[in-house]
Amino acid sequence: MIHRTRHFFAVLFVSAVIPYGVSAQQDTVPASLYEQASEVSGLVVQYGEDVRAIDYFYGPMASGGRRGVVVHAPEQLERLQALNEAYLHKLEALDFDRFSVHGQVDYILLKGKIEASQEALASEERSRAGIARWIPFADSIYAFEQLRRRGTAIDGEQVAGSLHGALQQLEHTRAVLKDEPEMDAALSDYASAAITDLQTRLKSAFDFYNGYDPMFTWWVPAPYQALDTALTAYARLVADKTDAKPFDDGSDIGGKPIGRDAFAKELRDNMIPYTPEELLKLADQEFAWCEAELLKASREMGFGDDWKAAQEKVKNSYVAPGKQPELIIELYKDANDFINANDLITMPPIAEETWGMVMMTPEQQLVSPFFLGGRNIMVSYPTNTMAHDRKLMSMRGNNPYFSRGTVQHELVPGHHLQYFMNSRYKAYRANAFRTPFWTEGWTLYWELLLYDLGFAKTPEERIGMLFWRMHRCARITFSINYHLGNWSPRQCVDYLVDRVGHEPSTAHGEVKRSFEANYGALYQLAYLTGGLQLWSLKKELVDSGKMTFKEFHDRIIRENYLPIEMLRATLTNQQLSRNFESNWKFYDFN
Amino acid sequence: MIRNLLICGIAAALYASPSYAQGTDDPLASLYEQASETSGLVVQYENDVRAVEYFYGPMSSGGYGRWGAQVLNAPDQRARLLQLDKDYLSKLAELNFDGMSIHGQVDYVLLKRKIDAHIRQLEAEDEHYQRITKYLPFAGTIYDFEAKRRRGTSVVGESIAQQLHDALGTLNNAKATIDAMESMAQDDANFLADAVSALKSRLKSAYDFYDGYDPMFTWWVPEPYKALDESLAEYEKLIRSKSDAAPFDDGSNIGGQPIGRDAFNRQLKEEMIAYTADELLALAEKEFAWCEAELLKASREMGFGDDWKAAQEQVKNSYVPPGKQPELIIKLNDDAIQFIKAHNLMALPPLAEETWGMIMMTPERQLVNPFFTGGREISVSYPTNTMSHADKLMSMRGNNPYFSRGTVQHELVPGHHLQYFMSSRYKTYRRSAFGTPFWGEGWALYWELLLYDKGFAKTPEERIGMLFWRMHRCARITFSIKFHLGEWTPQQCVDYLVDRVGHEPANAHGEVKRSFEANYSPLYQLAYLVGGLQLFSIKNELVDSGKMTFEEFHDAIIKQNSLPIEMVRATLTNQQLTRDYEPIWKFYNVH
């Protein structure tokens, strides 16, 4: 049976390379089906939707819905755990061995996703136990909310009494908390989020009855408003009890290192079978290679080993105001011509035709000093209203050589092509299996590939591309050193300035964003790590002659989001098992 | 062979497991629950149209994830869309239609019809554009400027300033021409004004791209830009004021424009309804007469003889006290679900029953929605202390327990909530590609027909409640068609609803106004009963004949997602289809 399935797959493999040229063959599943779905994709879609339904129904219901659930009510936690159990049973009941590799990959990824959700919920349950004594009034609110969900008729006087009782409990607890020492930062964060969540749930229940039920409308508004006001103040008090402090290194950068165990676990969850220490070594090895290349370029430019002087000259090569869009187009064409001349990928004509171009507003440029891409390219370049030093910083940072490798990173075959293809092939994976190792890995991989194939000819061009490459190495280094507690934010900033050549304020923004904004701990290291994974896969399949570049890239871009190890499994039609564990060693440390 | 596999597929989908998402035993069946041989093209076509509309539309200035304004196509945009349509027709022509499963064939037929309709629409738009282009002598300047902006071409500020200034001159001439006109046909005036408004957006998009970033542009262009921008706004206003559109002179203060018999019949064909407007009028009358006879029976049972309005009045006054309506909704929901389970009509996914939400409708929304609505949640219409006395009573009377009996399930399960639930879990690509009220409203209405047929309304009061809505759906067919054929004015439509269905005058007026002035398609209101009758006819064909059980039948339909009912039938009967399939199905005997 397995044998038969594999045979189907081989047919599919060949025809998938021919766009749209699909013909159904006897005894086979039409290839076009596997471009959109798999034996398990229905479950993937349904699981995502079921979680959404539970988050909605057991959340503070409101006509607008809500996004980004951080706190679950106890009942909601239990319900999600039961859902996870039910889906693991559904998966177990499936006949894994009969599936195509597409179905097997979706199976493994869905199972991993559910298991990760189980762990996250269990951890939330522990946090909840840790804060229970600080929210003794929670049960009255949950009980009220539960009645509201199915519109149960209630007795206004009784609800008023219960809310008033909750307020008394709150005031008592607040008095106790005031005299307590500081709270663990994670617990304090969770407690204040839980209190705000209770406040939202209380409002949802109150709004449901108020005005519609005469006795409720007479009794409840006053005690409701008193409790609501007290909850706001109490959430603030709890948040202020945190023991978290910005690092005392003058950097004014906060965030919280997650520690070695958590970091290593995230790597495993993302199917990266290396320890943080091994990745540090990988980054050093890559960095050293870049540095050697950089010195070569610096010498060719006549600056000897003073690469910072060479880099300074490159930074000052910026084009005149008003001319940056034209430059972007020129760099875009350069990359495109190069890719076509080397027959690297089939570019869908509409993807090339329809990417948009917008200028970034001065406000956005404060956060995004370099251009960004996706549906459109957003160009960072100064306006008359920006301060003089900001104007110069923007122009220096977006000079033609720095931009050479990154226009294609942002457009095609980079983020625009991903945006384009992800809505056209296996769209369900974009929601379910989103990972930066695929998004940023793919775009960074193209920088590696273009450099390798000689896209950067002059020393200036090489310095430009190396700037970004060293930056990606540095991201691995500073992310890990920070999260393992080895480096303070200030040390991260200094590393970027001294070793990569960043302007101090850009380096500061980069580090602050990395640790204070909502990136996952692995996001910044996913660029080069994902890129090197794809690089290794290229060696295995293209350099060995098993596939052409074109076949290789055309396949990858139709798979949508997934960990690169699963991409490899798909392309090599790897024998998989239900309990697959990541084991792919993609990097050569020698 | 493919047919063979497919039959297994359908069989597995139908028989394997009554509860959803078990992941059927047959891997092929699980694939066809999510995709087909043509579903990739369906998804790609939709996204390609979106990409072309974005790129050739007025691209926004700055901002993450911001789409540009949706405005009238520019000539090059229209040409590009036509080209895209033709490319996709070629792609379809290359496919091996006969080698596909019925799922792939249905998607093929629907995609082809969608593209054909799009081509007709673009060609009509182009014809219209040619007719009014003489009033847009300045358009070329703006299109050229916009074309440069799309790929960030460097421009000479002084020269752009001169061009915009010259455009202002030609605009003033055009304005004088329009000003001298007595009036303009409503169609032309709307179209021309939309074209002017589109040009204004395109000009802004191009201007914003350079202003502030290019020094010479920033010095030269702001002044002539502002002058032209303001003038365009005035021009648009002037054109709209010349429109000969007028509310009907029937005292109703309701506008809208009848589309005429030919357009109406064409739209019916596009929606795969193989009947003419006149035949549907006969259908509505026949259904209405049946309802009236039932209504009189109920009225007599209640002791009101043939005075059904008196019987209906008693039913309207059966409303529950304020604060108790949500509880009533729950009770009616439980009643319907128990009835459905007791008669083995459908296996309902437990999570769908568990997770529908409930919210109270705000007084503001109740002005537009006098009755409850459903989907992800049920929005309950019932009065607040802040509503006027008359509005309070109207809301309570209209949402009385008997009127609500058949419609709670219409809005929740197995109606709109279950559709919402299943459409995000099965063949999701069809939702946006082939969304149609004949499936969306037809399914929900079909359940009202079925429940009535199975005896869900036992007492005469319960029957009067369900018949109110059923007659309302008949009336929607009648008044939609008569209005669009030019036979009735809006006031005649309102009177019909009041006299024949028993609506409160204010609700009847709101219903008619919404139907013709809001953005409903002319067929939307008739899709309820027509779609319902289509499904009822398939039920006769497949369930009453013993080929399928009710549970199998309903489970298969709800997993198809949105599509014309004739294609639901083709899927369930595994009908032999052709590439150029035209609707032929006669689901109702109008005589």
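Residues numbered from 1 in each chain as written. Chains lettered and ligands numbered in written order. Predicted model: local features only at pLDDT ≥ 70, side-chain atom pairs only at ≥ 80, totals over all residues. Heavy atoms only, no water.

### Digging into the overall build of chain A
Next up, step 1: Broken down by element type, chain A carries 28 helices and two strands.
Next up, step 2: Against the globule reference of 25 Å for 590 residues, chain A gives a C-alpha radius of gyration of 27 Å, in line with a compact fold.
Next up, step 3: Considered along the principal axes of its C-alpha atoms, chain A spans approximately 80 × 70 × 45 Å.
Next up, step 4: By residue count, 59% of the 590 residues in chain A fall in the buried class.
Next up, step 5: The contacts of chain A with a sequence gap of at least 6 include a subset with a gap of at least 24, amounting to 77%.
Next up, step 6: For chain A, the accessible surface area stands at approximately 23000 Å², while carbon and sulfur atoms represent 53% of it.
Next up, step 7: Where the 62 positive side-chain charges of chain A centre and where its 77 negative ones centre are 2 Å apart. (Helix = DSSP H or I, 4+ residues; strand = E, 2+ residues; numbered from the N terminus. Rg over C-alpha atoms; globule rule 2.2 N^0.38 Å. Buried < 20%, exposed > 50% of the residue type's maximum accessible area, 1.4 Å probe, protein only. Contact = heavy atoms within 4.5 Å. Areas by Shrake-Rupley, 256 points an atom, 1.4 Å probe, with all protein chains shown as cover. Lys, Arg positive; Asp, Glu negative; His and termini not counted. Charge placed at Lys NZ, Arg CZ, Asp CG, Glu CD.)

### Things to note about the overall build of chain B
Next up, step 1: Looking only at helices and strands, chain B features 28 helices and two strands.
Next up, step 2: Here chain B has a C-alpha radius of gyration of 27 Å; the compact-globule value for 591 residues is 25 Å, and the two agree.
Next up, step 3: Oriented by its inertia axes, the alpha-carbon framework of chain B measures out at about 85 × 65 × 45 Å.
Next up, step 4: Counting over 591 residues, chain B shows a buried share of 61%.

### Considering the pairing of strand β1 (residues 356-359) of chain A
Residues and elements named next belong to chain A.
Next up, step 1: Taking every second residue as pointing to the same face, both faces of β1 are buried, with Gly356 and Val358 on one and Met357 and Met359 on the other.
Next up, step 2: As paired elements, β1 and strand β2 (residues 376-379) share four bridges and run parallel to each other. Pairing of Met357 across the sheet is with Ile377, part of β2.
Next up, step 3: At this point the chain moves from β1, through helix α16 (residues 362-367), to the parallel β2, and the crossover so formed is right-handed. (Pairing = 2+ DSSP bridges. Right-handed = clockwise from strand over helix to strand, strands pointing away.)

### Side note on the pattern of salt bridges
Next up, step 1: In this structure the tally under the stated criterion is 75 salt bridges over all chains.
Next up, step 2: Among the salt bridges present, the one from Glu287 of chain B reaches Arg470 of chain B, with a minimum N-O distance of 4.0 Å. Of this pair, Glu287 of chain B sits in helix α12 (residues 277-301) while Arg470 of chain B is found in helix α23 (residues 460-484), placing the two residues 183 residues apart along the sequence.
Next up, step 3: On the basis of relative accessibility, which here comes to 10%, the residue Glu287 of chain B falls in the buried class.
Next up, step 4: Take Arg470 of chain B: its relative accessible area is 13%, and that puts it in the buried class.
Next up, step 5: If you follow the salt bridges from partner to partner, you end up with Glu75, Glu145, Arg149, Asp197 and Arg201 of chain A in one network. (Salt bridge = Lys/Arg side-chain N within 4 Å of Asp/Glu carboxyl O.)

### Quick look at α23 of chain B
Residues and elements named next belong to chain B.
Next up, step 1: When the terminal C-alpha atoms of α23 are compared, their 35 Å separation across 25 residues agrees well with the 36 Å that a helix rising 1.5 Å per residue should span.
Next up, step 2: The element α23 is extensively covered by neighbouring structure, given that 25 of its 25 residues are classed as buried.
Next up, step 3: Gly486, located one to two residues past α23, shows a positive phi value of around 85°. (Expected span 1.5 Å × (residues − 1).)

### As for the interface of chain B and chain A
Next up, step 1: Taken together, the 85 residues of chain B in the interface contact 84 residues of chain A.
Next up, step 2: Taken together, both faces of the contact between chain B and chain A bury some 6900 Å²; the carbon and sulfur share is 56%.
Next up, step 3: At the junction of chain B and chain A, the tally comes to four salt bridges.
Next up, step 4: Taken together, the connections running from chain B to chain A amount to 34 residue pairs in polar contact (both at pLDDT 80 or more).
Next up, step 5: Of the residues forming the side of chain B that touches chain A, the biggest block, twelve residues, is contributed by helix α3 (residues 39-55) of chain B. (Buried area = accessible area lost by both parts, 1.4 Å probe. Polar contact = N/O pair within 3.5 Å; in protein donor to acceptor, adjacent residues only side chain to side chain.)

### Details of unusual backbone geometry
Next up, step 1: Of the consecutive residues Val412 of chain A and Pro413 of chain A, the connecting peptide bond is found in the cis state with omega at 5°.
Next up, step 2: The topology assignment puts Pro413 of chain A in the loop between α19 (406-410) and α20 (415-422).
Next up, step 3: Note that the residue after Val413 of chain B, namely Pro414 of chain B, is joined by a cis bond; omega there is 10°.
Next up, step 4: Position of Pro414 of chain B relative to the elements: it lies in the loop between α19 (407-411) and α20 (416-423).

### Some points on the nonpolar core
Next up, step 1: Ranked by size, the top nonpolar core spans 376 residues in total, and within it Met566 of chain A together with Leu136, Tyr235, Leu526 and Met567 of chain B carry the most contacts.
Next up, step 2: Residue contributions to this core peak at 13 residues, all from helix α8 (residues 186-210) of chain B.
Next up, step 3: In this structure Met567 of chain B touches Val106, Val109, Leu110, Met272, Leu577 and Tyr581 of chain B, once residues within four positions along its chain are discounted.
Next up, step 4: Counting residues in each nonpolar core, the second largest holds eight residues, with Val29 and Tyr34 of chain A together with Tyr32 and Ala35 of chain B among its members. (Core = buried A, V, L, I, M, F, W, Y, C linked by side-chain atoms within 4.5 Å.)

### A look at the confidence of the model for chain A
Next up, step 1: Mean pLDDT over chain A stands at 92; residues scoring 70 or higher make up 94%.
Next up, step 2: Every residue in residues 1-27 of chain A scores below 50 in pLDDT, and together they form 46 contacts with partners more than four places removed in sequence or on other chains. (pLDDT = per-residue confidence, 0-100.)

### Some points on the state of the cysteines
Next up, step 1: Enumeration over the complete set of coordinates arrives at zero disulfides over all chains.
Next up, step 2: The thiol sulfur of Cys291 of chain B is not disulfide-bonded, and the nearest other cysteine sulfur, from Cys474 of chain B, lies at 4.4 Å. (Disulfide = S-S within 2.5 Å.)

### Quick look at helix α14 (residues 324-341) of chain A
All names here are of chain A.
Next up, step 1: Between its first and last C-alpha atoms α14 spans 26 Å; for 18 residues at 1.5 Å apiece the expected length is 26 Å, and the two agree.
Next up, step 2: Among all positions of α14, only Gln324, Pro325, Leu327, Ile328, Ile329, Leu331, Tyr332, Ala335, Asn336, Phe338 and Ile339 are buried.
Next up, step 3: One or two steps after α14, the chain reaches Asp343, where phi turns positive at roughly 55°.

### What to know about the pairing of strand β2 (residues 377-380) of chain B
Side-chain direction in a regular strand flips from residue to residue, so the side chains alternate between the two faces of the sheet.
Next up, step 1: In β2 of chain B, alternate side chains face the same way, and those of Glu377 and Ser379 of chain B on one face and Ile378 and Val380 of chain B on the other are all buried.
Next up, step 2: A crossover links strand β1 (residues 357-360) of chain B with its parallel partner β2 of chain B, the connecting element being helix α16 (residues 363-368) of chain B, and its sense is right-handed.

### Concerning the environment of Glu49 of chain A
Next up, step 1: With respect to the helices and strands, Glu49 of chain A occurs in helix α3 (residues 41-57).
Next up, step 2: A residue is classified by how much of its surface remains accessible, and Glu49 of chain A, at 18% relative accessible area, is buried.
Next up, step 3: In contact with Glu49 of chain A, other than residues within four places in its own chain, are Ser424 and Arg425 of chain B.

### Points about a nonpolar patch on the surface
Next up, step 1: There is a patch of nonpolar side chains on the surface, built from Met215, Trp218 and Trp219 of chain A and spanning about 390 Å² of accessible area.
Next up, step 2: Among the structural elements, Met215 of chain A can be located in helix α9 (residues 214-219). (Patch = residues over 30% accessible without salt bridge, like charges linked within 9 Å, V, L, I, M, F, W, Y side chains within 5 Å.)

### Observations regarding the environment of Tyr581 of chain B
All names here are of chain B.
Next up, step 1: Within the element layout of this structure, Tyr581 appears in the segment after α28 (565-573).
Next up, step 2: A residue is classified by how much of its surface remains accessible, and Tyr581, at 8% relative accessible area, is buried.
Next up, step 3: Residues Tyr581 and His416 lie 165 residues apart in sequence; the distance between their C-alpha atoms is 30 Å.
Next up, step 4: Residue contacts for Tyr581: discarding those within four places in its chain leaves Val109, Arg113, Met272, Glu566, Met567 and Gln575.
Next up, step 5: Of note is the side chain of Tyr581, whose polar atom sits 2.6 Å from the side chain of Glu566.

### What about the packing of helix α6 (residues 138-149) of chain A against helix α8 (residues 185-209) of chain A?
All names here are of chain A.
Next up, step 1: Interhelical geometry of α6 versus α8 gives an angle of 40° and a closest axis separation of 9 Å. Between α6 and α8, the crossing angle belongs to the class labelled oblique. As α6 packs across α8, the resulting crossing turns out to be left-handed. Residue-level inspection shows Ala138, Ile141, Tyr142, Phe144, Glu145, Leu147, Arg148 and Arg149 of α6 in contact with α8, the latter providing Leu198, Arg201, Leu202, Ser204, Ala205, Phe206, Phe208 and Tyr209.
Next up, step 2: Here the contact of α6 with α8 is composed, by residue class, of eleven nonpolar, one polar and four charged. (Axes fitted to C-alpha atoms, helices over the stretch in contact; angles between N-to-C directions. Parallel < 35°, antiparallel > 145°, perpendicular 65-115°, else oblique. Left-handed = near helix turned anticlockwise from the far one by under 90°. Nonpolar A, V, L, I, M, F, W, Y, C, P; charged D, E, K, R; others polar.)

### What about the environment of Gln364 of chain A?
Next up, step 1: Within the secondary structure layout, Gln364 of chain A lies in helix α16.
Next up, step 2: Note on Gln364 of chain A: relative accessible area 11%, which makes it buried.

### Comments concerning the side chain of His416 of chain A
Next up, step 1: If you trace the backbone, His416 of chain A turns up in helix α20.
Next up, step 2: If near-sequence neighbours (up to four positions away) are discounted, His416 of chain A is found in contact with Ala351, Thr354, Trp355, Gly374, Arg375, Glu410 and Leu411 of chain A.

### Quick look at the packing of helix α22 (residues 437-453) of chain B against α23 of chain B
Each pair of packed helices can be summarised by the angle the axes make with each other and by the distance between the axes.
Residue and element names in this part refer to chain B.
Next up, step 1: Close contact between α22 and α23 brings their axes to 11 Å; oriented N to C, the two are set at 140°. The angle between α22 and α23 places the two elements in the oblique class. Classified by chirality, the crossing of α23 by α22 is left-handed. Between α22 and α23, the contacting residues are Leu445, Glu448, Leu449, Leu451 and Tyr452 on the first element and Arg463, Met466, Leu467, Trp469, Arg470 and Arg473 on the second.

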